[in-house]
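# Coordinates in review
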Amino acid sequence: SRVGSHIEGAHRDGTAFSGHNFASQDYLSLSSHPALMAAAKAAIDQYGLHSAGSAALMGNTALSVALERRLEAFLGFDDVVVFPIGWAAGYGAVKTLVKSTDHVVIDILAHACLQEAARDATENVHVHSHLNIRAVESRLARIRREDETNGILVVTETLFSMDSDVPNIPALQEMCHRYNATLLVDCAHDLGALGETGRGKLEDFDLVGKVDVLVGAFSKSFASMGGFVATNNKGFRFGLRGQCGPSTFTNAMSPIQAAVILGALDIVESEEGAMRRKRLLDNSLRLRAGLEEAGFEVLGKPSAVVPMLIGDVLLARLMTRYAVEYGGIVNLVEHPAVARNACRWRLQVMADHTEAQIDALVEIAIRSREMAEMHCDWLSANDNVEVDVVDLPLMPAIHSAAAE
């Protein structure tokens, strides 16, 4: 069914499920907004379905050009380049900036597109522990002692999606200025959804338009695929236009995407957008409080992402199986996306979740934990039985015991 706070769906084997949806990235609940669906239909009528070319050739439309101009004003940068998917924007920005002799200093939890681009661009990749400012400065100082001329790119995010935590971006930007390095920040998970005017955590830091390079995605709060790179450097802009593989050698953003994102920006900057951000934050706070009261460990700061730590992979998989059966649609994240035995539900809140749905999800989490723990005890008592954790069936006997 449509993405929403309650959905119907099916597993890959066709088995149907339905329930309260805390697994979709639709933070402001705009994916089925009537105004955005009307904008998509109008774009089809005027421009058709497809860009049919790269942005370097004939792929741009009046809508994609208008979107870049609009984003420049919204983000406070001189130049913005849009991409057809968010991954392409993050990967393309790093790969275009970094030469083989340059250095990348990157948070260990930075998004996969940023990590892969760094490794593909240079062998000089310096990974540091999560949010460790001292480690960043130590690496910058060591690099500059040994290499005074080559570039250094420092890579972080405004809001990390697995832990919902925030780096000290003002300190990182000052450090980059001091060591002649460039700061690249990925704002995929907070732009539009957080901040008084929807400009995310940079707004809280008074850094809107002031970091060296900003990349982001539209898939979380703007109801569309796509991404962008924002810069005040004219040379970098031309590099993105003409020498960036994910832009130069792929088809440009479709007119439908551009129309939807422009419409979403209208909402984000309106009173309705402010109201949706408030509801989103209220929902996040309610869910976090309910889970913590039930004894679950919740990570990070209030945002659309509510990471609920589970730990053991067997317990986590069983909890997830039971949650879906009980009508709670959740995402299980396990190694290698997170550390071993740091499995978690990455719950994702929407503006349109009701208080009743949030409270129901907390009860589902409690019930799923109880059932999964009973299931694990059963397996421990029957350790001679060979099972495949992936295909582990739910236990009718345990259901009966719980009912009694």
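The preceding data block contains the structure.
The notes below deal with the structure included here. Being a predicted model, the structure only gives us computed values, none of them experimental. (Residues numbered from 1 in each chain as written. Predicted model: local features only at pLDDT ≥ 70, side-chain atom pairs only at ≥ 80, totals over all residues. Heavy atoms only, no water.)

### Details of the overall build of the protein
- The number of helices and strands found in the protein is 14 helices and 14 strands.
- Taken over C-alpha atoms, the radius of gyration comes to 23 Å for the protein, in line with the 22 Å a tight globule of 404 residues would show.
- Seen through its C-alpha atoms, the protein measures out along the principal axes to roughly 70 × 55 × 35 Å.
- Put simply, the protein has 404 residues, and 54% of those count as buried.
- A sequence separation of at least 24 residues applies to 70% of the contacts in the protein between residues at least 6 apart.
- Carbon and sulfur atoms make up 52% of the accessible area of the protein, which amounts to about 17,700 Å² in all. (Helix = DSSP H or I, 4+ residues; strand = E, 2+ residues; numbered from the N terminus. Rg over C-alpha atoms; globule rule 2.2 N^0.38 Å. Buried < 20%, exposed > 50% of the residue type's maximum accessible area, 1.4 Å probe, protein only. Contact = heavy atoms within 4.5 Å. Areas by Shrake-Rupley, 256 points an atom, 1.4 Å probe, with all protein chains shown as cover.)

### A look at the nonpolar core
- Ranked by internal contacts, the top residues of the largest apolar core, which has 84 residues, are Leu-75, Leu-214, Phe-228, Leu-287, Leu-291 and Leu-347.
- Residues in contact with Leu-347, not counting those within four places in the same chain, are Phe-22, Leu-287, Leu-291, Ala-304, Val-305, Val-306, Met-308, Val-330 and Leu-361.
- If you look at the next biggest cluster of nonpolar residues, it comprises 25 residues, including Leu-114, Leu-153, Val-215 and Leu-240. (Core = buried A, V, L, I, M, F, W, Y, C linked by side-chain atoms within 4.5 Å.)

### Topic: the packing of aromatic side chains
- Applying the stated rule across the entire model yields three aromatic pairs.
- Ring geometry for Phe-218 and Phe-222: centres 5.8 Å apart, planes at 85°, overall edge-to-face.
- Classification of Phe-218 as buried rests on a relative accessible area of 0%.
- The rings of Phe-218, Phe-222 and Phe-228 are connected pair by pair, giving a single aromatic cluster.
- Positioned above the aromatic ring of Tyr-326, the side-chain terminus of Arg-367 is 3.8 Å from the ring centre. (Phe/Tyr/Trp six-rings, centres within 6.5 Å; stacked < 30°, edge-to-face > 60°. Lys NZ or Arg CZ within 6 Å of the ring centre and 35° of its normal.)

### Focus: the pairing of strand 3 (residues 79-83)
- Of all five residues that make up strand 3, five are buried, and the element is covered over most of its length.
- Going residue by residue along strand 3, you find Asp-79, Val-81 and Phe-83 tucked away on one face and Val-80 and Val-82 tucked away on the opposite face as well.

### So, unusual backbone geometry
- With an omega dihedral of 10°, the bond running from His-335 to Pro-336 counts as a cis peptide bond.
- Tracing the backbone through its elements, the reader meets Pro-336 in the loop between strand 13 (332-333) and strand 14 (343-348).
- At Asn-180, a position not held by glycine, the phi torsion is positive, near 55°.
- Structurally, Asn-180 is set in the loop between helix 6 (169-178) and strand 7 (182-186).
- Relative accessible area serves as the criterion here: at 56%, Asn-180 is assigned to the exposed category.
- Not every positive phi belongs to a glycine, and Ala-223 is a case in point at roughly 60°.
- For Ala-223, the position within the fold is in the loop between strand 8 (213-217) and strand 9 (227-231).

### A few points about the packing of helix 1 (residues 34-47) against helix 10 (residues 255-268)
- Two numbers describe how helix 1 lies on helix 10: the axes approach to 8 Å, and their chain directions differ by 145°. Both helix 1 and helix 10 take part in a crossing whose hand is right-handed. Judged by residue contacts, Leu-36, Ala-39, Ala-40, Ala-43, Ile-44 and Tyr-47 of helix 1 engage Pro-255, Ile-256, Ala-259, Val-260, Gly-263, Ala-264 and Ile-267 from helix 10.
- In terms of residue class, the contact of helix 1 with helix 10 is made up of 12 nonpolar, one polar and no charged. (Axes fitted to C-alpha atoms, helices over the stretch in contact; angles between N-to-C directions. Left-handed = near helix turned anticlockwise from the far one by under 90°. Nonpolar A, V, L, I, M, F, W, Y, C, P; charged D, E, K, R; others polar.)

### Digging into the environment of Arg-2
- Considering the arrangement of structural elements, one finds Arg-2 in the segment before strand 1 (6-10).
- Accessibility expressed as a relative area gives 55% for Arg-2, which makes it exposed.
- Between the C-alpha atom of Arg-2 and that of Lys-41, which follows or precedes it by 39 residues, the distance is 17 Å.
- For Arg-2, the residues in contact, after removing those within four places along its chain, are Ile-7, Ser-32 and Met-37.

### A short note on the sheet that holds strand 5 (residues 125-128)
- Reading across the sheet, the seven strands line up as 3-9-8-7-6-4-5 and stay open at both edges, with mixed pairing between neighbours. Sheet topology places strand 3 and strand 5 at the edges, where each strand pairs with a single neighbour. With direction set aside, neighbouring strand axes in the sheet form an average angle of 20°.
- Across four bridges, the pairing between strand 4 (residues 103-107) and strand 6 (residues 152-157) is parallel. The residue bridging His-103 from the neighbouring strand is Ile-152, located in strand 6.
- Running over the sheet, helix 3 (residues 86-97) touches strand 3, strand 6, strand 7, strand 8 and strand 9 and is turned about 155° from strand 8.
- With respect to the sheet, helix 4 (residues 112-121) is in contact with strand 4, strand 5, strand 6 and strand 7, its orientation differing from that of strand 4 by roughly 160°. (Pairing = 2+ DSSP bridges.)

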